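Listed below, chain by chain, are the residues.
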Amino acid sequence: QDKGLDKKEVQNVLVEDARTGLDVETLKKAILNNLFYVQGKYPEIATRNDYYMALAYTVRDRLLQRWVASVKQYLEGKHRIVSYLSAEYLLGPHLGNNLVNLGIYKEAEQALHEMGLNLDWLIEKEIEPGLGNGGLGRLAACYMDSLATLEVPAIGYGIRYQFGIFEQDIRDGWQVEDTDNWLRRGNPWEIARREISYDIKLGGYVQHYMDRDGKFRTIWTPDLIVKGVAYDTPIVGYKVNTTNTLRLWKSEAPNSFDFQSFNSGDYSNAVNQKIICENISKVLYPNDETRSGKVLRLQQQYFFVSCSLQDMIGIHLRQGERIEDFQTTFAVQLNDTHPAVAIAEMMRLLVDEYDLEWVDAWRVTTRTFAYTNHTLLPEALEKWDMELFASVLPRHLEIIQEINRRFLDEVTVRVYGDQEKISSLSIIGEGPRRYIKMANLACAGSFAINGVAALHTELLKQTVLKDWYALSPEKFSNKTNGVTPRRWMVLSNPKLTELISSKIGENWIKHLDELKNLEKFADDPEFLQQWMDVKLEMKTQLAQRIVNRTNIKVDPESIFDIQVKRIHEYKRQHLNILHVITLYNRIKQNPEAEIVPRTFVFAGKAAPGYKQAKLIIKLINSVGEIVNKDPDVKGRLKVVFYPNYNVTNAQKIYPAADLSEQISTAGKEASGTGNMKLSLNGALTIGTLDGANVEIRECVGEENFFLFGLTAEEVENTKSDGYNPFHFYENNPNLKLALDQISNGYFSHLDDTIFKDLINSLLYDDQFMVLADYQSYVDCQDQVAEAFKDKVKWARMSILNVARMGKFSSDRSIREYCDEIWKVKSVPVTLNGTSSK
Ligand code: GLG
């Protein structure tokens, strides 16, 4: 790697004012400059995309100045750096967010206005990087924002997928997937660091021998070497100079790869090799909460983890530190088990490449890593078939076996030879085929283990990780998730932001607890009116988008009842639709029945291979087709499936929500974060005691939360007592009617076959207790409707709800991680003598 300039020289790099100035005039000049010098256009012939690019580069120039200052500051002192390892980052569009965090949103708007342009149009030009599936990937993005905002030195490491999460289209009510070619117009937010690259070995075999000094040595001869190249994206904090790095790895063929084939004239084989290498970072696996068990997925995981660790070791050693002290430079967080192979890779690097003794290497490793668990669903816990694993990572299999041998040796003494405990703790699972349990590897190799909401952490300790908890309770803690108020309020809901700030100032944006100061305005009639006005305006805007996208006309005065998240049986979108059918049937039975008008908005993607989830999408659309058109309904009920749920669309949907649907089977949703975003935008929650709902309810007060359903404990008890869903079907006429209509083809042009699988699974299996919770849900929804009739009272609840949501900022989460797990401190970055805007 290049050495770069020395410290003195860096200091002397001068940047011109046109690239740093933040005032309207300078911004105007800079945009025209970039239009000319980057896009090669003059205003008369520039397209909207040219202007988007010109503005993006203008913003990027300002980021670069802060980025350089941050790197410089970090290198000057000895600071512990947080390294966040995540296979997913669901970033969302950069432009608006960077303007907010740089504190120049208004200035940019004004500059463009004076040039006859509109900022919103340019913001809408950006194709978002959808490098994640759902909550887990979005959490990583929120955490990067908070780390920078709290001025904590941090690097996020991940994969630069060429194709992110698929684009969803709805045809004839069914989900259709299309590839997400997000890089097609280039990416002004990243800088390719061609000089930062590492060779990654895959496959092959391992040999051991004794060298001349009598030391055991290992040689791993791979059958494939790929190169990982760094692509860096600056992440600027809110109104601070701190600008951290998100470093994503792209796989390529190594420079020398095709020599032999090429020399022997086998051109197509050489090209093939190149394709094989590039495939590794080609596409994001579109599964949320399921494991794929595919070779390519393991290769992806290992690829990015090995690049990242080699990169960290390089940074550490270049600071003149000893390899044995690696953990003093980096605290490495594993975002779920996707990067857990890092534990074996760290051991390999230390033992095979840096010649450390096993025990010394293990000491470093187990002081470096911490592991966050995001799910209790057994189907999401990663397991790798041992043969498959050996075919990709033969050396790592040996290392894992050695870790396991030593670990079980130690453990056997502590559990007095309890065979069941030993096999539950073992990293290697036995059976017809042996397999590697990644969660166990993560637990064994980490000094801290955490869940993502209070209930989830408790359930972890009692169920999936109970033997680990018994073994080392001191490793366990809870870190309830949070979301960044910058993207999820300031950027997505500027009207509400302005209203709130007009009462309590702007401090809440960085100290979300200060929202509590809103409570004293909850009875102020003028404020209540303004609150309702903002919500209505947001609903009107969403109604416009809905018509444009789906041709469905909805009434902004109706309750906007919103369930947006991945489609999954445990999240129970079908429970919601059963309620829709129930209301519809009330109208059919008595067209004059009093019904509080509602607009049901659904959005979310289903994993392409998840049949039942795709069927749920079809069901929502089928019910919508009938309900939306039935003249008896008189427009009082509308069902909308908003296609292609992603960060961009989420930002438009949350501000318009009245009611937030958080109705998962208790004990299944680890935390949820959409629940927080909707609530912060003024929606009231209808939900079960699951995930972070429990804490949200505690904070906002039970009188401002619509609670229904079985508790996690009751779910388990009902199951062990022998749950019989058919019993609920037979004994509840409304439920029976709704299910019969679905199966008889009432909503599907009399086709009585389409929904068969869904109905059968509900009637005879119902793992997620939809039927058991149905009546409680419908009753609770009736209370919602009743409450919504009193608009002012509803607004008051909404205000109190927002005022009490301060806990759910990702700043709070990150502060807890910093203090309790990573032991890192903030390092303010100064620019022109100041550390913030
Ligand atoms: C998981 C869980 C969510 C959680 C998120 C972030 O299912 O409940 O909020 O991680 O911790 N796969 C996920 O989205």
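Residues numbered from 1 in each chain as written. Predicted model: local features only at pLDDT ≥ 70, side-chain atom pairs only at ≥ 80, totals over all residues. Heavy atoms only, no water.

> When you look at the overall build of the protein chain in this model, what are you seeing that I'm missing?
Assigned secondary structure in the protein chain consists of 34 helices and 24 strands. A globule of 837 residues ought to have a C-alpha radius of gyration of about 28 Å, and the protein chain, at 28 Å, matches this closely. Reported as C-alpha extents along the three principal axes, the dimensions of the protein chain are approximately 95 × 70 × 60 Å. Taking all 837 residues of the protein chain together, the buried fraction comes to 60%. For the protein chain, contacts bridging at least 24 residues in sequence account for 77% of all contacts bridging at least 6. (Helix = DSSP H or I, 4+ residues; strand = E, 2+ residues; numbered from the N terminus. Rg over C-alpha atoms; globule rule 2.2 N^0.38 Å. Buried < 20%, exposed > 50% of the residue type's maximum accessible area, 1.4 Å probe, protein only. Contact = heavy atoms within 4.5 Å.)

> I tried to follow the packing of aromatic side chains on my own but got confused; where do I start?
Aromatic ring pairs are described here by two measures, namely the spacing of the ring centres and the angle between the planes. Enumeration according to the criterion identifies 22 aromatic pairs in this entry. With a centroid separation of 6.3 Å and an interplanar angle of 55°, the aromatic rings of Trp 220 and Tyr 302 are classed as tilted. One end of the pair, Trp 220, is in strand S9 (residues 216-221); the other, Tyr 302, is in helix H10 (residues 295-318), with 82 residues separating them in the sequence. We classify Tyr 302 as buried; its relative accessible area is 1%. Grouped by ring-pair contacts, the aromatic residues Tyr 84, Tyr 143, Tyr 817 and Trp 822 constitute a single cluster. In this arrangement the basic side chain of Lys 539 is found over the ring face of Phe 560, its NZ or CZ atom lying 5.1 Å from the centre. For the cation-ring pair, Lys 677 lies above Trp 488, with the distance from its terminal atom to the ring centre recorded as 4.5 Å. (Phe/Tyr/Trp six-rings, centres within 6.5 Å; stacked < 30°, edge-to-face > 60°. Lys NZ or Arg CZ within 6 Å of the ring centre and 35° of its normal.)

> Looking at this model, I keep getting lost on the sheet that holds strand S7 (residues 191-202). Mind explaining?
Taken together, nine strands build an open sheet; the order of strands is S7-S10-S11-S4-S1-S12-S13-S17-S18 and the sheet is mixed. Either end of the sheet is taken by a strand with one partner, and the two such strands are S7 and strand S18 (476-478). On average, adjacent strands in this sheet sit at an angle of 25° to one another, irrespective of strand direction. Bridging between strand S12 (residues 330-335) and strand S13 (residues 369-372) involves four bridges; their strand directions are parallel. The residue of S13 that forms the bridge with Gln 333 is Ala 370. Lying over the sheet, helix H3 (residues 48-76) contacts S7, strand S10 (224-236) and strand S11 (243-252), oriented at roughly 100° with respect to S11. Packing of helix H7 (residues 135-149) onto the sheet brings it into contact with strand S1 (81-85), strand S4 (154-159), S10, S11 and S12, and relative to S10 it is tilted by some 55°. (Pairing = 2+ DSSP bridges. Axes fitted to C-alpha atoms, helices over the stretch in contact; angles between N-to-C directions.)

> Mind showing me how you'd approach the site of the ligand here?
Taken together, 13 residues are adjacent to the ligand, and Glu 289, His 374, Asn 481, Glu 669 and Gly 672 come closest. In the environment of the ligand, an oxygen atom lies 3.1 Å from a nitrogen or oxygen atom belonging to the backbone of Leu 136. Between the ligand and Ser 671, the relevant distance is 3.0 Å, taken from an oxygen atom to a main-chain nitrogen or oxygen of the residue. Classifying every residue of the shell around the ligand gives five nonpolar, five polar and three charged. A domain split of the shell around the ligand shows at least three residues from each of domain 1 (77-92 + 128-481) and domain 2 (560-808). (Near = heavy atom within 4 Å. Polar contact = N/O pair within 3.5 Å; in protein donor to acceptor, adjacent residues only side chain to side chain. Nonpolar A, V, L, I, M, F, W, Y, C, P; charged D, E, K, R; others polar. Domains from an automatic or database assignment.)

> Looking at this structure, how should I read the pattern of salt bridges?
Two side chains of opposite charge can pair, provided their charged atoms sit close to one another. Applying the stated criterion across every chain, the model contains 52 salt bridges. Taking the shortest distance from any N to any O, the salt bridge between Asp 630 and Lys 588 comes out at 2.7 Å. Within this pair, whereas Asp 630 is found in the loop between helix H24 (611-629) and strand S21 (637-641), its partner Lys 588 is found in helix H23 (residues 573-589), the two being separated by 42 residues in sequence. Its relative accessible area of 11% is what places Asp 630 among the buried residues. Here the residues in one salt-bridge network are Arg 193, Asp 232, Arg 247 and Asp 311, joined through shared partners. (Salt bridge = Lys/Arg side-chain N within 4 Å of Asp/Glu carboxyl O.)

> What is the right way to look at the domain arrangement of the protein chain in this model?
You'll often see interface size given as the accessible area lost when the parts meet. Here the protein chain is partitioned into domain 1 (77-92 + 128-481) and domain 2 (560-808). Here domain 1 and domain 2 have C-alpha centroids that lie 36 Å from each other. Each partner contributes to the interface: domain 1 provides 34 residues, whereas domain 2 provides 38 residues. Summed over both partners, the interface of domain 1 with domain 2 comes to about 2,800 Å²; 59% of that surface belongs to carbon and sulfur atoms. Area buried by domain 1 at its contact with domain 2 is led by Glu 128, Gln 168 and Trp 174, which between them contribute 20% of it. Linking domain 1 to domain 2 there are two salt bridges. The residue Lys 618 makes a salt bridge to Asp 172 at a minimum N-O spacing of 4.0 Å. At the boundary of domain 1 and domain 2, one finds 16 residue pairs in polar contact (both at pLDDT 80 or more). Those elements giving two or more residues to the side of domain 1 that touches domain 2 turn out to be H7, strand S5 (167-171), strand S6 (174-178) and helix H18 (454-462). Sorting elements by how many residues they give to the side of domain 1 that touches domain 2 places H18 first, with four residues. (Buried area = accessible area lost by both parts, 1.4 Å probe.)

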